[in-house]
Structure formats: C-alpha cells, structure tokens
Amino acid sequence: KNQVEQSPQSLIILEGKNCTLQCNYTVSPFSNLRWYKQDTGRGPVSLTIMTFSENTKSNGRYTATLDADTKQSSLHITASQLSDSASYICVVSGGNNRLAFGKGNQVVVIP
Amino acid sequence: EADIYQTPRYLVIGTGKKITLECSQTMGHDKMYWYQQDPGMELHLIHYSYGVNSTEKGDLSSESTVSRIRTEHFPLTLESARPSHTSQYLCASSEGGHPNTGELFFGEGSRLTVL
C-alpha cells in the first residue's frame, strides 16, 4: 500500500472557481511535505514545503495546509486559471532517507 | 526554471537496441536521481548518486545502469531495450541537507517507447 494517498484522482473545474486537493500519508517519522506541480510533458516543479511546525503556507493562489497529528495535507487553488491544469503531486519525506510520492491529483480547468 | 537538461525528450526504438538517456545540471548539485513515471502512477526511484563515483540502486528494480564521472552529468543506459522499458524517465538533482529531503529540481523528462 502506498504511503501517500491523494484524492480526488482527477477533477474538472471551471475557470475562476476554487478547488481543494487532499493528501493523506502514513510516513513516519515525518520530516517535511512538498507539493509539486507537473504540467503535461514537463518535469514536476515545487510549489510549497511544509515542515512539522507549519500549519499553512501560501504561494500566490496556492495555499497548502498541514495537520501533522492526522497526517493530512491539502492544497487549495484560488480563482483557478487555465494554466493551473496540471498534475499536483504530494511528496512526503521521512526519517528513513527516502521520499514517498503520491500518484497525483489531475486537475483540468475549463473556460 | 531549473538548470537541468535531459536528452532526448522523445525516443522510439526497436527491441534489443542500446540506449543512453543524458542528464546534465549546471547548479553544482551533488545529489542526482533517476525516476520512472508511468501514467497515473507515482514516481519510482530507480537510481541515485550522492556525488562523483557514487551510484546506488533505488527502490524500483531496473535493468538500467548509471554512471557519475562528473558532478554535472548522470547518464542512464539500457544495454538491450525491451517493450517493458517503455516509460517516462525523469532526472532530478538536489542540494545540501539530509539526503532526499531537499527540493528536487527535475528535468523535462525523456519519454522512451520500445517497439
């Protein structure tokens, strides 16, 4: 079983609307959690990093939250744009010197 | 934009051919990685290197091999390609800190199709 589960697997949203992506993990001990954005045909690019003591962090229209107690993170996209169409990958770093990757949330923004 | 480059971006070859996927970075990062990515699936680490002359196998078994003769260069080689090797291969690098906890900088990927 994957140590990082993301939901929904895919979603379609109208341009200008908000959406929230979920990431649940079982990695322990926990070091940090990153959200990456991967455009079609490109490599992933880091959006945010969350450490144990951080609850929320914003990067423009992207806001990530972390609840280390329940081992859950979310990525909220505000006022979506067509350029937000991408796969969003949750990556958790643990103390065992390894990264655990989720399968990604595939977001499609339509006009 | 990350300064990490992969070539070729796309490659279609026949079974049994030898191929080398190139990866170069100009950021001076000691740590470099190769990941395999299939549609709808998570990235799987197949090789990594913590510096020159250091290479290790990752979590996913792979018939490919890698070398790290120069800091900036981390090529991946398949001696005899098979259709099961068809996939997207992503090269990445990171700097400093605890291995595998720093930000990964990815190349654009090499999409390999073996007929």
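Above this text is the structure in question.
Throughout what follows, the structure given in this document is the object of discussion.

Basis of the calculations
Along each chain, numbering runs from 1 in the same order as the chain's sequence is written. Chain A is the first chain written and ligand 1 is the first ligand written, with later ones labelled in order. Totals for whole chains, interfaces and linings use all residues, but because this is a predicted model, local features are given only for residues with pLDDT of at least 70 and pairs of side-chain atoms are given and counted only at 80 or more. Excluded from the side-chain calculation are hydrogens and water; included are all heavy atoms of the structure. Only strands that DSSP links by at least two bridges are regarded as paired with each other. Secondary structure elements are taken from DSSP: a helix is a run of H or I of four residues or more, a strand is a run of E of two residues or more, and numbering for both begins at the N terminus. By definition here, a salt bridge exists when the distance from a side-chain nitrogen of Lys or Arg to a carboxyl oxygen of Asp or Glu is within 4 Å. Only protein chains enter the calculation, and the probe is 1.4 Å; a residue is then buried if its accessible area is under 20% of its type maximum, exposed if over 50%, and partly exposed in between. We call a set of buried Ala, Val, Leu, Ile, Met, Phe, Trp, Tyr and Cys residues a nonpolar core when their side-chain atoms join them within 4.5 Å. Any pair of residues with heavy atoms lying within 4.5 Å of one another is described as a contacting pair. In this analysis, rings of Phe, Tyr and Trp, with Trp reduced to its six-membered ring, are considered paired at centre separations within 6.5 Å, and the interplanar angle assigns stacked below 30 degrees, edge-to-face beyond 60, and tilted for intermediate values. Here, a charge over a ring is recorded when the distance from Lys NZ or Arg CZ to the ring centre is within 6 Å and its angle to the ring normal is within 35 degrees. Throughout, disulfides are identified as pairs of cysteine sulfur atoms within 2.5 Å of each other.

**A short note on the sheet that holds strand S7 (residues 65–66) of chain B**
Residues and elements named next belong to chain B.
- Read across the open sheet, the 4 strands follow the order S1-S3-S8-S7; overall the sheet is antiparallel. Where the open sheet ends on each side, the last strands, each with one partner, are strand S1 (4–7) and S7.
- The pairing of S1 with strand S3 (residues 19–25) spans 4 bridges and is antiparallel. Within S3, the residue paired with Ile4 across the bridge is Gln25.

**Notes on the pattern of salt bridges**
- Counted according to the given criterion, the structure contains 7 salt bridges over all chains.
- Put simply, Arg42(A) and Glu108(B) hold a salt bridge, and the shortest N to O gap is 2.7 Å. In this pair, Arg42(A) is assigned in the loop between strand S4 (30–38) and strand S5 (45–51) and Glu108(B) in the loop between strand S10 (105–106) and strand S11 (110–114), connecting two distinct chains.
- Look at Arg42(A) and you get partly exposed, because its relative accessible area is 34%.
- Note on Glu108(B): relative accessible area 26%, which makes it partly exposed.
- Among the ionic pairs, Lys18(B) bridges to Glu79(B), the shortest N-O distance being 3.9 Å. Residue Lys18(B) is found in the loop between strand S2 (10–13) and S3, and its partner Glu79(B) is found in the loop between strand S8 (76–78) and strand S9 (87–94); the two are separated by 61 residues along the sequence.

**Digging into the nonpolar core**
- Within the largest apolar cluster, 26 residues are counted, with the highest numbers of intra-cluster contacts made by Leu21(A), Tyr25(A), Leu33(A), Trp35(A), Leu75(A), Tyr88(A) and Val92(A).
- Secondary structure elements with two or more residues in this core: strand S2 (10–14), strand S3 (19–25), S4, S5, strand S7 (62–67), strand S8 (72–77), strand S9 (86–94) and strand S11 (105–110) of chain A.
- Discounting chain neighbours no more than four positions away, the residues touching Tyr25(A) are Gln3(A), Val4(A), Phe30(A), Leu33(A), Leu66(A), Asp67(A), Ala68(A), Lys71(A), Gln72(A) and Val92(A).
- Counting residues in each nonpolar core, the second largest holds 17 residues, with Ile4(B), Cys23(B), Ile46(B) and Leu112(B) among its members.

**Some points on the packing of aromatic side chains**
- As enumerated under the stated definition, the model contains 7 aromatic pairs over all chains in all.
- Judged by centre distance (6.3 Å) and plane angle (35°), the rings of Tyr33(B) and Tyr35(B) are tilted.
- Arranged with centres 5.9 Å apart and planes meeting at 50°, the rings of Tyr35(B) and Phe106(B) form a pair that is tilted. Pair noted here: Tyr35(B) is in strand S4 (residues 31–37) and Phe106(B) is in strand S10, with a separation of 71 residues, a long-range link.
- Just above the ring of Tyr62(A) sits the side chain of Arg61(A); from NZ or CZ to the centre is 5.8 Å.
- The ring of Phe74(B) carries Arg68(B) above its face, with NZ or CZ at 5.8 Å from the centroid.

**Points about the state of the cysteines**
- Following the criterion strictly, the structure yields 2 disulfides over all chains and no others.
- In this model, Cys23(A) is linked to Cys90(A) through a disulfide, with the two sulfur atoms separated by 2.0 Å. With the S-S dihedral at roughly -70°, the linkage between Cys23(A) and Cys90(A) falls on the left-handed side. You can see Cys23(A) sitting in strand S3 and its partner Cys90(A) sitting in strand S9, a full 67 residues away along the chain.
- By relative accessible area, Cys23(A) is classed as buried at 0%.
- Across the disulfide, Cys23(B) is cross-linked to Cys91(B) (sulfur-sulfur distance 1.9 Å). One quick way to see it: the torsion about the S-S bond of Cys23(B) and Cys91(B) is about -75°, and its sign makes the bridge left-handed. Note that Cys23(B) is positioned in strand S3 and Cys91(B) in strand S9, a separation of 68 residues in sequence. As far as burial versus exposure is concerned, Cys23(B) and Cys91(B) are alike and both buried.

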